[in-house]
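Notes for the structure review
So you can see what is in the structure, the chains are spelled out below.
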Amino acid sequence: MAKVPAAVIGVGQTHHRAVREDVSMAGLLREAVDRALEDAGMTFADIDAVVVGKAPDLFEGVMMPELYLADALGAAGKPLLRVHTAGSVGGSTAIVAASLVQSGVHERVLTVAFEKQSESNAMWALSIPVPFIMPVHAGAGGYFAPHVRSYIRRSGAPGHIGAMVAAKDRNNALKNPYAHLQNEGTTVESVLASTMLWDPIRFDETCPSSDGACALVIASEDAVAKSGVKNPAWIHGTQMRSEPTTASERDQVNPQAGRDASAALYKQAGITNPLEEIDCAEIYVPFSWFEPMWIENLGFAPQGDGWKLTEAGDTAIGGKLPINMSGGVLSSNPIGASGMLRFGEAALQVRGAAGEHQVDGARKALGHAYGGGSQFFAMWIVGSEKPGN
Amino acid sequence: MKVEFDYTRSLGSVLSQFMSALKQHSILGGVLADGRVVVPPPEYDPVTHAAVTELVPVSDFGVVQSWSWVAEPVAQQPLEKPFAFAQILLDGADAPLLHAVAVDSPADISTGMRVRVRWAEQPTGTIRDIAWFEPAGDAVTEGSASMEFGAPEVTGMTSPVRLAYDYAASPEETKFFRGLAEGKIYGQRCPKCEKVYVPPRGACPVDGVPTTDEVELPDRGTLTTYCVVNVPFQGQTIPIPYVSAYVLLDGADIAFLHLILDIDAADVRMGMRVEAVWKPREEWTTSLDNIKYFRPTGEPDADFDTYKHHL
């Protein structure tokens, strides 16, 4: 049975902030959901199923929050699913929603991902001591910093590349009213001057802790035609891969799962030269050095050369491959939502609806998320035209 | 093992009004689109999904609709002695509230019984302001306190979560940790790929087969990569800044994280040769922290090619 063509016809997100004391978790989600439904010209009555994603429950201390959120998400009488793949969850949640449409099971699926980080402390939640093991572990930054050091050593990248990424993304965020950090005047020099947190990762090279949510409405070809939406973001391919957190000789800098997922994704989307054929990308960069690392992992550059695209300014808006036009995870990080924000921003770009951070003439865009110890990968390509496959 | 954290909750407008009213000994219900009054008020209408915006006071008297006896109360429950959990339909509400009823025995509670709120002595702006319900006898409903809806006094609450559990080590871990108690480091080799895992896993993550061959490893090796932790966080046990490094023991095929000392953090290098510094023998337990830290051996650094495939 052929896949049903599907498209994103509604995108909604919150104004991401460090603390949203004015809303409950349900209220936070509804802001994103209401905006996505409005964008799609729909109400809850039009929705067939709801797919929810968030990062591990320890982050807010609410077990299975999707049960309590059913009322707020209009899920009574409909299928309500939860997806759970650590930091990549926003991406894999969107892919599960898309697959429910592409498989012909549903016509219109609402998907939403969120994190209300202010209710807890992710650094604490990610540093729970493991019995009998040396407690040197220090949050996500402590986990990834040694691997960033390995990348720098392996690629021979100059030390300022990470700061270039951070300065670019923080300036992109100034064009995005939803972005959490609005740090005017961020420069490579100011980033380099910021405090070293997990050497080699500096404070300004680190994502913030945010409250926020993102929602998408994904519709079948028929449902797109019946909607009033004239600029759908057609889904050209979706891929997920996973691998063990640790294994002997596992490449922690350029993980196999990410390489395999992107290769399969390009094949699915009929792309032979991603750097030439993809107009822009929103990739999951919680620490600045992950931009060049994922450029290589995603096959935009040969191994060891990713940083050269960054250094040449090719990843800035107006460059050859703009990356993280929205400001990215470095500017807003409601963890569970961060992957879906990447997927949603890719959709906004090909819909020509990205506002001030729009890439002129973007027709194909990549959305990417990763999670765990670089062991879960989720990615999609969306386009302004219906897929040819 | 104990895991605990005081989570904070922001309540949103509807529950902020509800909790603020409780603090003043008044109970608010939410008016749904079909006119039903529900306590506690839901934030969103379960049928129309619209935000609930109308709140009305209901009585602190009600009727038991159904109940269940709690013979052995556990920590954090409303009463320390046996009690009933009951669905209580408050006068003025159309859906029941689940709460505790203080009676001496199951014989003292029945469906249809009238009950009333026993308010907590110290109001906190949480559902615990209703300490429990108790039999109301023939007492009649007093007028519910009138409420001024203004800016809510209570907009958040703290929700402490505690989890205590026993960690069961696998047979392979047990061997490893008991070895540490003797000052020895045991790994296991995968019979298929022949990689040596330390700590041993029981199964090779690549081949999925049991790792059966035991290998005793030396307490020295190569530092493959590392970071300098300079950020304080809750639960931290090592003073900052400290070097958190992957140590690849000689003869092992996977590195583990440990602490590096006896060297300035700025002088630590990838490829540095390191050795274990053990605690005094009388302090040894079944833990990897029998090794206090690793320190440089003074040997020449390992060539990058010898460990680059372990990054």
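Residues numbered from 1 in each chain as written. Chains lettered and ligands numbered in written order. Predicted model: local features only at pLDDT ≥ 70, side-chain atom pairs only at ≥ 80, totals over all residues.

1. Looking at the nonpolar core
Counted only if it meets this: Connectivity within a nonpolar core runs through C-beta atoms within 7 Å, and the core itself is a set of buried Ala, Val, Leu, Ile, Met, Phe, Trp, Tyr and Cys residues. Think of it as a crowd count around each C-beta: if 20 or more other C-beta atoms lie within 10 Å the residue is buried, if 12 or fewer it is exposed, and in between it is partly exposed, with C-beta placed from the backbone throughout. Domain limits in this description derive from either an automatic procedure or a database domain assignment. Contact between residues is assigned whenever the C-beta positions, reconstructed from backbone atoms, fall within 7 Å.
Judged by nonpolar contacts, the single largest core of 201 residues is most densely connected at Leu 29, Val 112 and Val 382 of chain A together with Val 101 of chain B. When residues are assigned to domains, this core turns out to be shared by domain 1 (2-164) and domain 2 (171-310) of chain B, each giving three or more. Those residues in contact with Val 101 of chain B that lie beyond four places of it in its chain are Val 64, Trp 67, Phe 83, Ala 84, Ala 86, Ile 109, Val 115, Trp 132, Phe 133 and Glu 134 of chain B.

2. Some details on the domain arrangement of chain B
As far as domains go, chain B holds domain 1 (2-164) and domain 2 (171-310). When each unit is reduced to the centre of its C-alpha atoms, the spacing between domain 1 of chain B and domain 2 of chain B is 53 Å.

3. Re helix α11 (residues 290-297) of chain A
Residues and elements named next belong to chain A. Test applied: Per the convention used, a helix needs a DSSP run of H or I reaching at least four residues, while a strand needs a run of E reaching at least two, with both numbered from the N terminus.
In terms of burial, α11 is largely enclosed, as eight of its eight residues are buried. On its buried face, α11 sits against α5 (139-155), α6 (161-173), α9 (256-268), α12 (306-311) and β10 (364-371). Gly 299 sits one or two residues past α11 and shows a positive phi near 75°.

4. Side note on the sheet that holds strand β1 (residues 6-13) of chain A
Strands pair in a sheet through their backbones, by hydrogen bonds, and they do so in one of two ways: parallel or antiparallel. Residues and elements named next belong to chain A. Put simply, the rule reads: Only when DSSP finds a minimum of two bridges between them are two strands counted as paired. Between N-to-C directions, angles span 0 to 180 degrees; the directions come from axes that are lines fitted to C-alpha atoms, helices contributing only their stretch in contact.
Spatially, β3-β2-β4-β7-β1-β8-β11-β10-β9 is the arrangement adopted by the nine strands of the open sheet, whose pairing is mixed. Since the sheet does not close on itself, it has two edges, and those belong to β3 (80-83) and β9 (280-282), each with one partner. Shown here is a sheet whose adjacent strand axes are inclined to one another by a mean of 25°, direction ignored. Where strand β2 (residues 49-54) and strand β4 (residues 108-116) come together, six bridges link them in parallel fashion. In the sheet register, Ala 49 faces β4, and the bridge partner there is Val 109. Each of β1, β4 and β7 (211-220) touches helix α1 (residues 25-40); the most contacted strand, β1, lies at about 135° to it.

5. Digging into the packing of helix α3 (residues 89-102) of chain A against helix α14 (residues 335-350) of chain A
All names here are of chain A. Heads up, the rule is: Angles are sorted into four bins: roughly parallel if under 35 degrees, roughly antiparallel if over 145, roughly perpendicular if 65 to 115, and oblique for all others. Throughout, the ten residues Ala, Val, Leu, Ile, Met, Phe, Trp, Tyr, Cys and Pro are labelled nonpolar, Asp, Glu, Lys and Arg are labelled charged, and all others, Gly among them, are labelled polar.
Across the interface, α3 lies against α14 with an axial gap of 5 Å and an inter-helix angle of 60°. The angle between the axes of α3 and α14 places the two elements in the oblique class. Along the contact surface, α3 presents Val 89, Gly 90, Gly 91, Thr 93 and Ala 94, while α14 presents Gly 336, Ala 337, Ser 338, Gly 339, Met 340, Leu 341, Arg 342 and Phe 343. Class assignment for the residues of the contact of α3 with α14 results in six nonpolar, six polar and one charged.

6. Here we look at unusual backbone geometry
With an omega of 15°, the peptide bond running from Asp 199 of chain A to Pro 200 of chain A counts as cis. The topology assignment puts Pro 200 of chain A in the loop between β5 (196-199) and β6 (201-202). In this structure, the amide linkage connecting Val 39 of chain B to the following residue, Pro 40 of chain B, adopts the cis form with an omega of -10°. With respect to the helices, strands and loops of the structure, Pro 40 of chain B is situated in the loop between β3 (37-38) and β4 (55-58).

7. Observations concerning the UniProt feature "domain: Gcp-like" (unreviewed entry) in chain A
The cut-off we apply is this: UniProt positions are given in the numbering used here, feature names are shortened, and annotations may be inferred rather than shown by experiment.
According to UniProt, the feature "domain: Gcp-like" (unreviewed entry) maps to residues 29-119 of chain A in the numbering used here. As annotated, residues 29-119 of chain A has a helix share of 34% and a strand share of 21%, and its two end C-alpha atoms lie 15 Å apart.

8. Here we look at the UniProt feature "domain: Thiolase C-terminal" (unreviewed entry) in chain A
Mapped onto this numbering, the UniProt entry gives "domain: Thiolase C-terminal" (unreviewed entry) at residues 246-379 of chain A. A distance of 22 Å separates the end C-alpha atoms of residues 246-379 of chain A, which is 38% helix and 11% strand.

9. Quick word on the pairing of β1 of chain A
All names here are of chain A. Most of β1 sits out of view: eight of its eight residues are buried. Of the pairings in the sheet, the one linking β1 to β7 comprises seven bridges and is antiparallel in character. Residue Gly 10 lies in a different strand from β7, and its bridge partner there is Val 217. Relative to strand β8 (residues 233-242), β1 is paired through two bridges, and the arrangement is antiparallel. Counterpart to Val 8 in the pairing with β8 is Ala 233.

10. Points about the environment of His 84 of chain A
Residue and element names in this part refer to chain A. Counting through the fold element by element, His 84 comes out in the loop between β3 and α3. The class for His 84 is partly exposed, based on 16 C-beta atoms found within 10 Å. Separated by 29 residues in the primary sequence, His 84 and Ala 55 have C-alpha atoms spaced 6.7 Å apart.

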